[in-house]
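# Inside the fold
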Amino acid sequence: MSDTHYQSLGMSSALEKQQKQSRRSKWIVVGSVIALVVLIAVGVTVGVVVSNNNKEKSGSSSSSSGSSSGSSGSSSGSSGGSSSNDPSVFDKDPNLHKSFYGMAYTPEGSLPDYGCSNSLAGTIKDIQILSQLTSRIRLYGADCNQTALVLEAIKQTKVDMQVFVGNYVVDGDPGAYERQREVIKEAIETYGTEHIAGVTVGNEFMLNYVTGRSSNDANSAIGNEGAAILKANIEDTKKMIADMNLDKTIPVGNSDAGSFFNTQIMEAMDYGLSNVHAWFANTTAEDASKWVTDFFDETNVKPAALLPNNPKMYIAETGWPTDSKDTSNKNNGAADASVPNLQIFLDTFVCQANSAGIGYFYFELVDEEWKDIKYGGVEGHWGLFTKDRKLKDVKIPDCAAP
């Protein structure tokens, strides 16, 4: 989830952190093949999801997904939840404002390695919260039926929400792409295109491909080898969408670390999602917003504008961690993980990016406990909310998102 224009900015230490971060993120889908049998068993059809929803709504609020609660608490700062059986009727939190262009989101428990413990009830609660912050979300993959869960949650909550669904492409595992393609196709056939803004093929695939082969250049010979794989998947997804004869055109894009976009991929995609984290560039919280916008403009927006297809570029991830599991990783050069520094980043980035017309997906909604357990450091502490959906001690900016 990190990225830096290392060559021009001379930040080799940040690159080392980025590569380490990328290797960590790869595990999310590496276990997909091993867990395929589990996926078949638990990857319910959309019809089953809908029918089971009635059971989940009538059950207790503890039916949320994952190892943490996922339900909204009753203390100050919690959001979502409802005393009604109608998910479209839920409590609004006056501390929340629909100020974010978009939010990065994965339904809790949407990991094959954890047995796909996500649930419709937990996803509904998250969508209720997200709808008070933004009208757009991006997903990373389609395993564990998460595409249908999100679309069903939007349908039941009746909120204004557009979704960039995702297909997490795995190096060396073509079956991962094909499996997720079919799940995405089924979700589109079931729910239509009303809430789908795009299909993102690949997340940091090029970063993982080239660094895994001892290279740092996405446009090298090694990079072009990886690009051929990803480009074929992008073109296949475009064909799948075209063959469906849908009522609107769905753009197909790609997501990667900001410094690892391959030109051939950019020429094949309709849009790009770029991970841009100032934390990994050792900046202060005060300087972070400017660093993010300058990097994004120079490394992604301007190069894309030179291409014949001029793909639309978005910031796929940007944010600030608030803590670390261990003290030694709470600082990264001048970057300090803390709630006050998160507030500084919110105050200097959100409304300013909105005014500048920058499309971005804030990283992220909640602290992800599995990352804290698996990796330590700041990995599990990027959320605006704690893992049990309590708003941290921050004030959400109040401005209109584009």
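Look up: the structure comes first, before these words.
Conventions adopted
Residues numbered from 1 in each chain as written. Predicted model: local features only at pLDDT ≥ 70, side-chain atom pairs only at ≥ 80, totals over all residues. Heavy atoms only, no water. Helix = DSSP H or I, 4+ residues; strand = E, 2+ residues; numbered from the N terminus. Buried < 20%, exposed > 50% of the residue type's maximum accessible area, 1.4 Å probe, protein only. Contact = heavy atoms within 4.5 Å. Pairing = 2+ DSSP bridges. Right-handed = clockwise from strand over helix to strand, strands pointing away. Polar contact = N/O pair within 3.5 Å; in protein donor to acceptor, adjacent residues only side chain to side chain. Disulfide = S-S within 2.5 Å. Expected span 1.5 Å × (residues − 1). Axes fitted to C-alpha atoms, helices over the stretch in contact; angles between N-to-C directions. Parallel < 35°, antiparallel > 145°, perpendicular 65-115°, else oblique. Left-handed = near helix turned anticlockwise from the far one by under 90°. Nonpolar A, V, L, I, M, F, W, Y, C, P; charged D, E, K, R; others polar. Salt bridge = Lys/Arg side-chain N within 4 Å of Asp/Glu carboxyl O.

As a further point, take the overall build of the protein. Per the secondary structure count, the protein includes 14 helices and 10 strands. The 402 residues of the protein split such that 59% are buried. Contacts spanning at least 24 positions in sequence make up 76% of the contacts within the protein whose residues lie at least 6 apart.

Below, the discussion takes up the pairing of strand 5 (residues 252-257). Burial analysis of strand 5 places 6 of its 6 residues in the buried class, which makes it a mostly covered element. By the bridge criterion, 3 bridges tie strand 4 (residues 196-203) to strand 5 in an arrangement that is parallel. When the bridges of strand 5 are listed, threonine 200 appears paired with glycine 253. Here strand 5 runs beside strand 6 (residues 271-275); their pairing, made up of 5 bridges, is parallel. Each residue of the ladder has a partner; that of serine 255, found in strand 6, is leucine 273. Considered for its hand, the β-α-β crossover made up of strand 5, helix 11 (residues 263-268) and strand 6 is right-handed.

With respect to the element layout, glycine 258 can be found in the loop between strand 5 and helix 11. Expressed as a C-alpha distance, the spacing of glycine 258 and glutamate 204, which sit 54 residues apart in the sequence, is 9.2 Å.

What follows covers the side chain of serine 99. Mapped onto the elements of the fold, serine 99 is located in the loop between helix 5 (46-58) and strand 1 (103-104). At 2.6 Å, the side chain of serine 99 forms a polar contact with the backbone oxygen of proline 397. The residues contacting serine 99, other than those within four sequence positions of it, are Leu133, Val350, Asn354, Tyr360, Pro397, Asp398, Cys399 and Ala401.

A word on the state of the cysteines. The final tally for this structure, using the stated rule, is 2 disulfides. At a sulfur-sulfur separation of 2.1 Å, the disulfide partner of cysteine 116 is cysteine 144. Across the S-S bond of cysteine 116 and cysteine 144 the torsion is about -60°, and the bridge reads as left-handed. Here cysteine 116 is found in the loop between strand 1 and helix 6 (120-130), whereas its partner cysteine 144 is found in the loop between strand 2 (136-138) and helix 7 (146-157), with 28 residues between them in sequence. The same class applies to cysteine 116 and to cysteine 144, which are both buried. Linked covalently through their sulfurs, cysteine 351 and cysteine 399 form a disulfide whose S-S length is 2.1 Å. Every disulfide takes its handedness from the sign of the S-S torsion; for cysteine 351 and cysteine 399 that torsion is -100°, giving left-handed. With cysteine 351 in helix 13 (residues 339-356) and cysteine 399 in the segment after helix 14 (369-374), this pair connects stretches of sequence that are 48 residues apart. Ordering the disulfide-forming cysteines of the protein by sequence position, one finds them joined as 1-2, 3-4.

For helix 12 (residues 285-305), which comprises 21 residues, the first-to-last C-alpha distance of 29 Å matches the rise-based estimate of 30 Å (1.5 Å per residue) to within 8%. Burial in helix 12 covers these residues: Ala285, Ala288, Ser289, Trp291, Val292, Phe295, Phe296, Thr299, Asn300 and Ala304.

Let us look at the packing of helix 12 against helix 13. The geometry of helix 12 relative to helix 13 is characterised by a closest axis approach of 8 Å and an angle of 40° between their N-to-C directions. Taken together, the axes of helix 12 and helix 13 lie oblique to each other. The crossing of helix 12 and helix 13 is right-handed. From helix 12, Ala285, Glu286, Ala288, Ser289, Val292 and Thr293 reach across to helix 13, where they touch Asn341, Ile344, Phe345, Thr348 and Phe349.

A word on the packing of helix 7 against helix 8 (residues 174-191). Axis separation between helix 7 and helix 8 bottoms out at 9 Å; the angle between their running directions is 20°. Taken together, the axes of helix 7 and helix 8 are roughly parallel relative to one another. Like other packed secondary-structure pairs, helix 7 and helix 8 cross with a definite hand, here right-handed. Side by side, helix 7 and helix 8 meet where Thr147, Ala148, Leu151, Glu152 and Lys155 of the first sit next to Ile184, Ala187 and Tyr191 of the second. A per-class count over the contact of helix 7 with helix 8 returns 5 nonpolar, 1 polar and 2 charged.

Now for unusual backbone geometry. A cis amide bond, omega 5°, links phenylalanine 363 with the succeeding residue glutamate 364. Phi angles above zero are rare outside glycine, and cysteine 144 is one such case at about 65°.

Moving on: the environment of glycine 226. One can find glycine 226 in helix 10 (residues 221-243). As for glycine 226 and valine 210, which are separated by 16 residues in sequence, their C-alpha atoms are 7.5 Å apart. Setting aside chain neighbours within four positions, we find glycine 226 in contact with Phe205, Met206 and Tyr209.

On to the pattern of salt bridges, then. Opposite charge on two side chains permits pairing when their charged atoms draw close. Under the defined criterion, the tally for this structure stands at 16 salt bridges. The closest approach of N and O atoms between aspartate 126 and arginine 389, which form a salt bridge, is 3.0 Å. Placement of the pair is aspartate 126 in helix 6 and arginine 389 in the segment after helix 14, with a sequence separation of 263 residues. With respect to burial, aspartate 126 and arginine 389 carry one shared label: buried. Its salt-bridge partner being lysine 390, residue aspartate 388 comes within 3.9 Å of it at the nearest N-O pair. Overlapping salt bridges, with partners in common, bring together Glu108, Asp126 and Arg389 in one network.

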